[in-house]
Amino acid sequence: MKAHDGMYIDGAWRAAVGPDTIAVLNPADEQVIAQVPAGSAQDVDAAVRAARAALPGWAATAPAERAARLAALRDVLAARKDEIAETVTAELGAPLPFSQKVHAASPIAVCGSYAELAASFPFEEKVGNSTVYQEPIGVVAAITPWNYPLHQIVAKVAPALAAGCTVVLKPAEDTPLTAQLFAEAVHEAGVPAGVLNLVTGLGPVAGQALAEHDGVDMVSFTGSTAVGRSIAATAGAGLKKVALELGGKSANVILPSADLGRAVAVGVANVMANSGQTCSAWTRMLVHEDRYEEAVELAAQAAAKYGDRIGPLVNAKQQARVRGYIEKGVAEGARLVAGGPEAPADKGFHVAPTVFADVTPEMTIAQEEIFGPVLCVLKYRDEDDAVRIANGTVYGLAGAVWAADEAEAAAFARRLDTGQVDINGGRFNPLAPFGGYKHSGVGRELGSHGLAEFLQTKSLQF
């Protein structure tokens with residue numbers, strides 16, 4: 001697997017300051033496929049300085065020109081979609097068809113959406129006797145996760161560039177090869193030097209240095225709530241703006257009138273996608289008590305079909321974490337109806353598709369984000385009880401509601417404390433704002449709301 005042995009800074013690949021490297025593993029067979037530099041605070045400083053030097057010129061560039069560079073980036077990513085999918089599969093472990101359909105295709109669509117928004121966004125408007133300008137916030141530190149490595153990069157970098165910001169990207173250490181491929185695409189698309197800079201490295205070193213750096217104006221982070229809280233504290237000391245997309249424990253509420261078979265099948269598929277490593281996964285399925293056992297049986301049958309269809313988890317630590325949660329669920333009295341903690345393969349960081357029944361709202365597996373292919377099925381008495389259970393965690397990122405009538409489902413969804421709800425399996429919309437309530441984060445990504453995160457407002461009175 002091709003890897004650069006340096007950092008992409010100021011439009012060129014440069015040697016890292018220190019000798020330390022990070023081994024990149026293939027989660028399917030546990031073999032080392034590449035080595036990348038472990039960036040230091042000095043590497044971060046060089047990247048931030050390059051971003052600051054490029055900021056005045058890029059911020060002054062006409063929105064139409066920024067849109068043209070993003071359109072060119074979209075085209076480069078589209079031309080390299082097969083390479084993207086193969087790279088994600090190699091370092092994340094996702095099955096190749098899923099990498100092609102989601103990991104490669106979604107970022108292309110999102111990048112294209114920002115090419116269009118950059119050309120049409122109202123960066124200037126008249127309000128009474130004032131002219132109001134939306135201006136770039138400055139240098140952005142984009143700290144991205146491993147679970148959707150290119151999507152999360154594009155969801156931050158594309159709107160930041162559309163806004164006129166410059167960026168220092170620090171990708172997750174498990175999936176740096178996808179980030180290097182992205183930097184190559186940015187270069188090929190003709191984005192000026194210094195507008196996008198890439199530093200690979202560990203979170204406590206490179207990530208911390210970015211969050212602390214005086215030359216950074218905003219930190220956009222996706223990851224765990226615990227790390228997000230730490231980054232917010234660090235950035236807050238420098239009065240930097242933060243955008244945080246954090247954890248989730250989303251509820252999939254199946255109302256009595258719903259098509260139970262379809263709702264359960266789609267719900268299980270949602271949890272198993274990306275081996276359960278999705279922050280917005282509907283990991284709690286809520287079913288009316290009258291149809292509960294039927295739903296449990298359907299969920300167990302559906303999960304069994306995913307045994308050889310999902311990939312491994314990203315690393316050994318994540319595998320052990322998820323298996324620990326499954327053991328905790330059994331210990332707390334939940335009924336295991338599919339899967340379990342035993343590793344289904346000798347090689348690779350695999351976890352069996354797992355379904356728990358008889359889960360009560362206070363159980364650990366119903367409260368904490370597991371981040372693996374584990375579904376909890378809970379029962380409710382009536383709609384008020386369902387709302388109480390659905391809203392009964394510290395998270396509020398996503399969710400789903402099913403009912404025979406869309407208006408019924410929508411009315412229920414309005415009662416949920418969460419940032420995004422899919423009605424009867426509603427399709428993903430790259431223009432809809434994505435982000436959470438409560439401990440699921442601060443701010444929004446995607447569409448015009450995602451672009452607005454990277455802007456600050458100035459008004460002139462006449």
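These figures come from a predicted structure and were not determined experimentally. (Residues numbered from 1 in each chain as written. Predicted model: local features only at pLDDT ≥ 70, side-chain atom pairs only at ≥ 80, totals over all residues. Heavy atoms only, no water.)

This part takes up helix α5 (residues 149–163). Between the first and last C-alpha of α5 there are 22 Å, a value that for 15 residues agrees with the 21 Å anticipated at 1.5 Å per step. Burial analysis of α5 places 15 of its 15 residues in the buried class, the great majority of the element. Of the residues one or two after α5, glycine 164 is the one with positive phi, at around 100 degrees. (Helix = DSSP H or I, 4+ residues; strand = E, 2+ residues; numbered from the N terminus. Expected span 1.5 Å × (residues − 1). Buried < 20%, exposed > 50% of the residue type's maximum accessible area, 1.4 Å probe, protein only.)

This paragraph deals with the sheet that holds strand β22 (residues 455–461). The 3 strands are arranged β5-β6-β22 in an open sheet whose pairing can be described as antiparallel. Single-partner strands in this sheet number two, and they are β5 (124–127) and β22. Adjacent strand axes in the sheet meet at a mean angle of 25 degrees when their direction is disregarded. With 7 bridges joining them, strand β6 (residues 130–136) and β22 adopt antiparallel strand pairing. (Pairing = 2+ DSSP bridges. Axes fitted to C-alpha atoms, helices over the stretch in contact; angles between N-to-C directions.)

Across all of its chains, the model carries 3 aromatic pairs by this definition. Relative to tryptophan 13, the ring of tyrosine 8 lies with its centre 5.3 Å away and its plane at 55 degrees, an arrangement referred to as tilted. Judged by relative accessible area, tryptophan 13 falls into the partly exposed class, the value being 29%. Look at tryptophan 146 and phenylalanine 371: their rings are 5.6 Å apart centre to centre, the planes differ by 80 degrees, and that puts the pair in the edge-to-face class. With tryptophan 146 in the loop between β7 (139–143) and α5 and phenylalanine 371 in the loop between α12 (364–367) and β16 (374–380), this residue pair connects regions lying 225 residues apart in the sequence. Exposure remark for phenylalanine 371: the relative accessible area of 14% places this residue in the buried category. The side chain of arginine 66 reaches across the aromatic face of phenylalanine 123, ending 5.4 Å from its centre. (Phe/Tyr/Trp six-rings, centres within 6.5 Å; stacked < 30°, edge-to-face > 60°. Lys NZ or Arg CZ within 6 Å of the ring centre and 35° of its normal.)

Taken together, the 7 strands give an open sheet; going across it, the order is β14-β15-β16-β13-β12-β18-β19, and neighbouring strands pair in mixed fashion. Here the strands that pair on one side only, and so sit at the sheet edges, are β14 (335–338) and β19 (422–423). Pairing of strand β13 (residues 284–288) with β16 involves 5 bridges; the strand directions are parallel. Bridge pairing in β16 places arginine 284 opposite cysteine 376.

The biggest cluster of nonpolar side chains holds 65 residues, and the ones touching the most others in it are Leu70, Leu73, Phe182, Leu196 and Leu451. Considering every element that reaches this core, the biggest residue donor is α5, with 10 residues. Beyond its immediate sequence surroundings of up to four residues, phenylalanine 182 is in contact with Leu73, Leu77, Leu150, Ile153, Val154, Val157, Leu169 and Leu196. (Core = buried A, V, L, I, M, F, W, Y, C linked by side-chain atoms within 4.5 Å. Contact = heavy atoms within 4.5 Å.)

This part covers the side chain of threonine 166. Within the secondary structure layout, threonine 166 lies in strand β8 (residues 166–170). The exposure class assigned to threonine 166 is buried, which follows from its relative accessible area of 0%. Other than its neighbours up to four places away in sequence, threonine 166 contacts Ala51, Ala54, Leu55, Trp58, Gly138, Val139, Val140, Gly194 and Val195.

Feature annotation in UniProt assigns "active site" (unreviewed entry) to the following positions: Glu245. Within the secondary structure, glutamate 245 is located in strand β11 (residues 241–245). Discounting chain neighbours no more than four positions away, the residues touching glutamate 245 are Gln152, Phe221, Thr222, Gly223, Cys279, Leu397, Phe434, Ser440 and Glu445. (UniProt positions renumbered as here; feature names shortened; annotations may be inferred.)

The phi dihedral of aspartate 10 is positive, around 55 degrees, even though this residue is not glycine. On the secondary structure map, aspartate 10 appears in the loop between β1 (6–9) and β2 (12–15). Its identity as a non-glycine residue notwithstanding, asparagine 424 has a phi of 50 degrees, on the positive side. Within the secondary structure layout, asparagine 424 lies in the loop between β19 and β20 (437–438).

Here we take up the packing of α5 against helix α6 (residues 176–188). Viewed as axis vectors pointing N to C, α5 and α6 meet at an angle of 45 degrees, and their least axial separation amounts to 9 Å. One element, α5, and the other, α6, form an angle in the oblique class. Crossing of α5 over α6 shows right-handed handedness. Judged by residue contacts, Pro149, Leu150, Ile153, Val154 and Val157 of α5 engage Thr178, Ala179 and Phe182 from α6. (Parallel < 35°, antiparallel > 145°, perpendicular 65-115°, else oblique. Left-handed = near helix turned anticlockwise from the far one by under 90°.)

This next bit is on the environment of alanine 179. Structurally, alanine 179 can be placed in helix α6. Residue alanine 179 is classed as buried on the basis of its relative accessible area of 0%. Residues alanine 179 and isoleucine 153, spaced 26 residues apart in sequence, show a C-alpha to C-alpha distance of 7.6 Å. The residues contacting alanine 179, other than those within four sequence positions of it, are Ile153, Leu169, Pro171 and Leu198.

Below, the discussion takes up the pairing of strand β12 (residues 251–254). Both faces of β12 are covered, namely the face carrying Ala251 and Val253 and the face carrying Asn252 and Ile254. Relative to β13, β12 runs parallel, the two sharing 4 bridges. Its bridge partner being in β13, alanine 251 is matched across the sheet by arginine 284. In this region the chain leaves β12, passes through helix α9 (residues 260–272) and returns to the parallel neighbour β13; the handedness of that crossover is right-handed. Relative to strand β18 (residues 399–402), β12 runs parallel, the two sharing 4 bridges. (Right-handed = clockwise from strand over helix to strand, strands pointing away.)

Okay, the pattern of salt bridges next. Under the criterion given, the structure shown has 20 salt bridges. In this structure, the salt-bridge partner of lysine 170 is glutamate 173, at a minimum N-O distance of 3.4 Å. The salt bridge involving lysine 241 is made with glutamate 453; its shortest N-O contact spans 3.4 Å. Within this pair, whereas lysine 241 is found in strand β11, its partner glutamate 453 is found in the loop between α15 (447–452) and β22, the two being separated by 212 residues in sequence. Residue lysine 241 is classed as partly exposed on the basis of its relative accessible area of 26%. Relative accessible area serves as the criterion here: at 15%, glutamate 453 is assigned to the buried category. (Salt bridge = Lys/Arg side-chain N within 4 Å of Asp/Glu carboxyl O.)

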